[in-house]
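Structural description and commentary
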Amino acid sequence: MSRDPYEVLGVKRDAPQKDIQSAYRKLAKKLHPDLNPGDKQAEDKFKEVSAAYGILGDEEKRARFDRGEIDSSGAEQAPRSYYRDYAAREGQRGPYQNTGGFADFGDADDIFSSFFSRRSRGQSQMQGQDRHYTMEVDFLDAINGAKKQISLPEGPALDVQIPPGTRDGQTLRLKGKGDPGFNGGKPGDALIAVHVRPHRFYTRDGDDIRLELPISLAEAVLGGKVRVPTPSGDVTVTLQPNSNTGKVLRLKGKGVPVRGKENGDAYISLKIVLPDAPDPELTRFVSEWEAGKTQDPRKTMGG
C-alpha cells in the first residue's frame, strides 16, 4: 500500500492546490535523478513524490481520494454493500426488524430468491472501470510531443502518444485500455497522469518558454550574432551593441505548440558572464577607465 500522498508531499489535508504544487516542485527539484546520479534512494523518493502529486495535483482525483473512492495509488476502491441495504428496499417488515431471535431467517430463501430475480431482470451492459496510472516525461518530450511506453504491473506495456504542449499534471486517456466491461459492456479507459521533469535551463510560463542566456562581455559591448537554443531547435539572433544583463529578447512562435492556435513565444533574458580566469588586459583597462569609475548602476535604488 502506498503512503498517504499528503504525508509524502508534507502538506495538510486542507492545503490549497497552489501549496500542493509548490511542495511537489520543491521536492522534485531536490530529488530529481539528474541532480542525484546513482542515488537509488533519491530516485525512489522522486517516484513516490510524483505518484503522490498524481493524486493530489488533480483536483478531481484529490476529491475522489478524500471521499475514499480511490486509494493512494489511484486504484478504484470497491464500494461496500450490505444485506441490510438490500433488505430495506423490500418496503415491508424485513428480517432485521423481527424480534424473534434466529427465527428472523425463516423466510431467507424467499428474500434471496426475490433479490436475485430482480437483479437478473434488471441486469444490463455496464462499462468497465477506468484504470489510473502515472508517467514521468522529459520537459522537451512534453513540449514537442513523443511516443512512450508505460509498463503495467498486471499486463503488457501500453504505447502512449504524448501530444505536443502537454502540461505537468495533465491526464491522457487511452480508450478501451481499462477493465473489461460487464455483460458485454465496453471496457473502461486508462487514465495516465503526466508529470513533467524540470529542465536544466528552460522554464514554462503558460504557453511561453523562458530562458536565461549567458553572453560574454565582448558580445554585450560590441553586439553581434549569437546562437540561442529553443525547444524546437537552435536559432541565431543579433545582439545590439551595449546589450545589458536583464534585457529580454522575444522569439515569436518559438515557445509551446498550441493546437488550433499560434505557438507560444520564447523569452530570452541576457546575462553578462565574465571569463572564469582573470584577464590582465581587461583588469588594466577597467582600472584606467575613468567613465567606469564614475558610473553608479545603483543610483535608481536610492540610499
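For every chain, the first residue of its written sequence is number 1, and the numbers climb from 1 along that sequence. Whole-chain, interface and lining totals are the exception, using all residues; otherwise, since this is a predicted model, local features are given only for residues with pLDDT of at least 70 and side-chain atom pairs are given and counted only at 80 or more. Just so you know, side-chain values use all the structure's heavy atoms and leave hydrogens and water out.

1. A closer look at the pairing of strand 10 (residues 248-251)
- Here strand 10 shows one buried face, formed by Leu249 and Leu251, and one open face, formed by Val248 and Arg250.
- Following DSSP output, two strands are said to pair if at least two bridges run between them. Think of it this way: any DSSP run of H or I at least four residues long counts as a helix, any run of E at least two long counts as a strand, and we number them from the N terminus. The pairing of strand 10 with strand 11 (residues 266-273) spans 4 bridges and is antiparallel. Note that in strand 11 the partner of leucine 249 across the bridge is isoleucine 268. To sort residues, take the accessible area from a 1.4 Å probe on protein chains only and compare it with the maximum for the residue type: under 20% means buried, over 50% means exposed, and anything in between is partly exposed.

2. Points about the packing of aromatic side chains
- Each aromatic pair joins two rings of Phe, Tyr and Trp (for Trp, the six-membered one) with centres within 6.5 Å, and gets the label stacked for planes under 30 degrees apart, edge-to-face for over 60, and tilted for any other angle. Enumeration over the complete set of coordinates arrives at 5 aromatic pairs.
- Between tyrosine 6 and phenylalanine 65, the aromatic rings sit 6.2 Å apart at their centres with planes inclined by 45°, giving tilted as the arrangement. Pair noted here: tyrosine 6 is in helix 1 (residues 5-9) and phenylalanine 65 is in helix 4 (residues 59-66), with a separation of 59 residues, a long-range link. Each member of the pair tyrosine 6 and phenylalanine 65 is classed as buried.
- Judged by centre distance (6.3 Å) and plane angle (20°), the rings of phenylalanine 139 and tyrosine 202 are stacked. Residue phenylalanine 139 is located in helix 7 (residues 139-144), and its partner tyrosine 202 is located in strand 6 (residues 202-205); the two are separated by 63 residues in the primary sequence.
- Through a chain of ring-to-ring contacts, the aromatic side chains of Phe139, Phe201 and Tyr202 assemble into a single cluster.
- Distance and angle both matter: a charge sits over a ring if NZ of Lys or CZ of Arg is within 6 Å of the ring centre and within 35 degrees of the ring normal. The ring of tyrosine 267 carries the charged tip of arginine 210 above its face, separated from the ring centre by 4.7 Å.

3. Brief notes about the pattern of salt bridges
- The salt bridge criterion pairs a side-chain nitrogen of Lys or Arg with a carboxyl oxygen of Asp or Glu, the two atoms within 4 Å. Throughout the structure, instances matching the rule amount to 22 salt bridges.
- For aspartate 189, the salt bridge is made with arginine 173, and the minimal N-O distance between the two is 2.8 Å. You can see aspartate 189 sitting in the loop between strand 4 (171-174) and strand 5 (190-196) and its partner arginine 173 sitting in strand 4, a full 16 residues away along the chain.
- For aspartate 189, a relative accessible area of 5% corresponds to the buried category.

4. Focus on empty space enclosed by the protein
- Only protein atoms enter the 1 Å grid used here, on which a cavity is any set of points holding a 1.4 Å probe that cannot leave and a pocket is any open set flanked by protein within 12 Å on both sides along at least five of seven lines; residues with an atom within 4 Å of a point are listed as lining. Grid points are joined across faces, edges and corners, and a volume is the space filled by probe spheres set on the points. Scanning the model with the defined rule gives 1 cavity of 30 Å³ or more in all.
- In this structure, the largest cavity spans a volume of roughly 40 Å³.
- Together, Gly54, Ile55, Lys61, Ser73, Gly74, His132, Tyr133 and Thr134 line the largest cavity.
- Residue assignment for the lining of the largest cavity shows that the elements contributing at least two residues are helix 3 (40-56) and strand 1 (131-137).
- The greatest single-element share of the lining of the largest cavity, amounting to 3 residues, is contributed by strand 1.
- For the lining of the largest cavity, the per-class residue count stands at 2 nonpolar, 5 polar and 1 charged.
- Domain borders in the structure are assigned automatically or taken from a domain database. Here the lining of the largest cavity spans two domains, and each of domain 1 (5-67) and domain 2 (131-196) adds at least three residues to it. The classification used treats Ala, Val, Leu, Ile, Met, Phe, Trp, Tyr, Cys and Pro as nonpolar, Asp, Glu, Lys and Arg as charged, and all other residues, Gly among them, as polar.

5. Focus on the packing of helix 2 (residues 17-31) against helix 3
- Axis lines are fitted through C-alpha atoms, for helices just across the contact stretch, and the angle between N-to-C directions can take any value from 0 to 180 degrees. In the contact formed by helix 2 and helix 3, the axes pass within 9 Å of each other and the chain directions differ by 165°. Considered as vectors, helix 2 and helix 3 are oriented roughly antiparallel to each other. Considering only the axes of helix 2 and helix 3, their crossing is left-handed. Along its contact with helix 2, which presents Gln17, Ile20, Gln21, Tyr24, Leu27, Ala28 and Leu31, the element helix 3 presents Ala42, Lys45, Phe46, Val49, Ser50, Tyr53 and Leu56. An angle below 35 degrees is read as roughly parallel, one above 145 as roughly antiparallel, one from 65 to 115 as roughly perpendicular, and any other as oblique. For any helix crossing, the convention is left-handed if the near helix is rotated counterclockwise from the far helix by under a right angle, and right-handed if that rotation is clockwise. Only heavy atoms enter the contact rule, under which two residues are in contact if any of them lie within 4.5 Å.

6. Quick notes on the sheet that holds strand 5
- Here we have 3 strands laid out as an open sheet, ordered 1-5-4, and mixed in their pairing. Taken across any chain shown, the strands that pair with only one partner, and hence form the sheet edges, are strand 1 and strand 4. Averaged over neighbouring strand pairs, the angle between their axes works out to 30° when direction is ignored.
- Here strand 1 pairs with strand 5 via 7 bridges, running parallel. Counterpart to arginine 131 in the pairing with strand 5 is alanine 190.
- Against the sheet, helix 3 makes contact with strand 1 and strand 5, and its axis sits at roughly 130° relative to strand 1, the strand it touches most.

Any functional reading would require information beyond the geometric quantities listed.
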